[in-house]
Amino acid sequence: MAYKAIRSRKCVESLELVNENGEVEKIIQVEITTGKLADSLSRKYVELIRAQREMKQLSNDTDKKTEKMVETYEHIGTIVLEMMEIVFGEKNTKEIMSFYENDYVEIIQQVMPFIINIILPEVRSIAQENKAKILEQYNRKNRRSVGRGMRS
């Protein structure tokens, strides 16, 4: 009887870039895998949340508003760009930027919900499934038998 090595489930999502006439100009396929994608995307999302909180605090504090707010806006723009590159890759990110004519506000309104509401939860779901599979394979009984075999 042969051992079966089975590939993990893959998930592909699509982002359609639709112009103002309602015509699809480009479809970008995103293959969702775990590994670096899950870790780096989660880290950037946490960084984005922190920057948004900082912006909210600054908008309430009128004394420090101008200079620090500009820095925070720039930081949010950088995070958004980095998240897009993690998800879409450098080439597709440039195409998205070109499609929206580098309008960060429109990109945040139109593209970030796709990343945050569709890609991020799917990445986390796949990562949890993979973690459960790994833990299942190496339960306590298996660890003991592996450990005993190595002692001889």
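Note that this is a predicted model, so its numbers are computed, not measured. (Residues numbered from 1 in each chain as written. Predicted model: local features only at pLDDT ≥ 70, side-chain atom pairs only at ≥ 80, totals over all residues. Heavy atoms only, no water.)

Colleague: Looking at this structure, how should I read the overall build of the protein chain?
Modeller: Counting its secondary structure elements, the protein chain contains five helices and two strands. Reading the protein chain from its N end, one meets helices and strands in the order β-β-α-α-α-α-α. Here the protein chain holds 152 residues, and the buried ones make up 27% of them. Residue pairs in contact within the protein chain that sit at least 24 positions apart in sequence constitute 59% of those at least 6 positions apart. Looking at the protein chain as shown, the accessible area adds up to about 11200 Å², and 49% of this sits on carbon and sulfur atoms. (Helix = DSSP H or I, 4+ residues; strand = E, 2+ residues; numbered from the N terminus. Buried < 20%, exposed > 50% of the residue type's maximum accessible area, 1.4 Å probe, protein only. Contact = heavy atoms within 4.5 Å. Areas by Shrake-Rupley, 256 points an atom, 1.4 Å probe, with all protein chains shown as cover.)

Colleague: Just to check I follow, could you spell out the pattern of salt bridges for this structure?
Modeller: For side chains of opposite charge, pairing can occur when their charged atoms come near one another. Scanning the model with the defined rule gives seven salt bridges in all. Residue K44 pairs with E47 through a salt bridge whose shortest N-O separation is 3.2 Å. Taken together, the positions of K44 and E47, both in helix α1 (residues 36-60) and three residues apart, correspond to about one turn of that helix. By relative accessible area, which is 19% here, K44 ends up buried. We classify E47 as partly exposed; its relative accessible area is 26%. Salt-bridge contacts for K68 lead to E71; the nearest nitrogen and oxygen are separated by 4.0 Å. Here K68 and its partner E71 are both found in helix α2 (residues 65-99), three residues apart, which amounts to about one turn of the helix. (Salt bridge = Lys/Arg side-chain N within 4 Å of Asp/Glu carboxyl O.)

Colleague: Where do I start with the pairing of strand β2 (residues 24-32) in this structure?
Modeller: Regular strands show a simple pattern: their side chains alternate between the two faces of the sheet. Note that strand β1 (residues 11-18) and β2 share eight bridges and pair antiparallel. Note that in β2 the partner of E13 across the bridge is V30. In this structure, the hairpin formed by β1 and β2 is closed by a connection of five residues, where G22 is found at a positive phi of approximately 85°. (Pairing = 2+ DSSP bridges.)

Colleague: Would you explain a nonpolar patch on the surface in this entry?
Modeller: A cluster of nonpolar side chains, namely V18, V24 and I27, defines an oily patch on the protein surface of about 230 Å² accessible area. Along the polypeptide, V24 turns up in strand β2. (Patch = residues over 30% accessible without salt bridge, like charges linked within 9 Å, V, L, I, M, F, W, Y side chains within 5 Å.)

Colleague: Where do I start with the packing of aromatic side chains in this structure?
Modeller: Aromatic rings in a pair are described by how distant their centres are and how their planes are angled relative to each other. Across all of its chains, the model carries two aromatic pairs by this definition. The interplanar angle of 90° and the centroid separation of 4.9 Å between the aromatic rings of F99 and Y100 together place this pair among those described as edge-to-face. With a relative accessible area of 10%, Y100 lands in the buried category. (Phe/Tyr/Trp six-rings, centres within 6.5 Å; stacked < 30°, edge-to-face > 60°.)

Colleague: Which parts of the structure should I look at to understand the nonpolar core?
Modeller: Side chains that are nonpolar tend, in soluble globular proteins, to be buried together. Among the nonpolar cores identified, the biggest contains 33 residues, and I32, M84, F88, I96, V111, I115 and I119 are the most heavily contacted of them. Of all the secondary-structure elements, those providing two or more residues to this core are β1, β2, α1, α2 and α4 (112-137). Take this core: its biggest share by element is ten residues, from α2. Ignoring anything within four residues of it in the chain, the contact list for I115 reads L41, M83, M84, V87, F88, L120 and P121. (Core = buried A, V, L, I, M, F, W, Y, C linked by side-chain atoms within 4.5 Å.)

Colleague: Which parts of the structure should I look at to understand a negative patch on the surface?
Modeller: Taken together, the side chains of E20, E23, E25, E101, D103 and E106 make up a negatively charged region of the molecular surface. Examined against the element boundaries, E106 turns out to sit in helix α3 (residues 104-110). (Lys, Arg positive; Asp, Glu negative; His and termini not counted. Charge placed at Lys NZ, Arg CZ, Asp CG, Glu CD.)

Colleague: Before we go on, may I ask you to explain the side chain of N19 in this structure?
Modeller: Its place among the elements puts N19 in the loop between β1 and β2. Only 2.9 Å separates the side chain of N19 from the backbone nitrogen of N21, close enough to count as a polar contact. A polar side-chain atom of N19 sits 3.1 Å from a polar atom in the side chain of E25. N19 has contacts with E25 and F99, leaving out every residue within four places of it along the chain. (Polar contact = N/O pair within 3.5 Å; in protein donor to acceptor, adjacent residues only side chain to side chain.)

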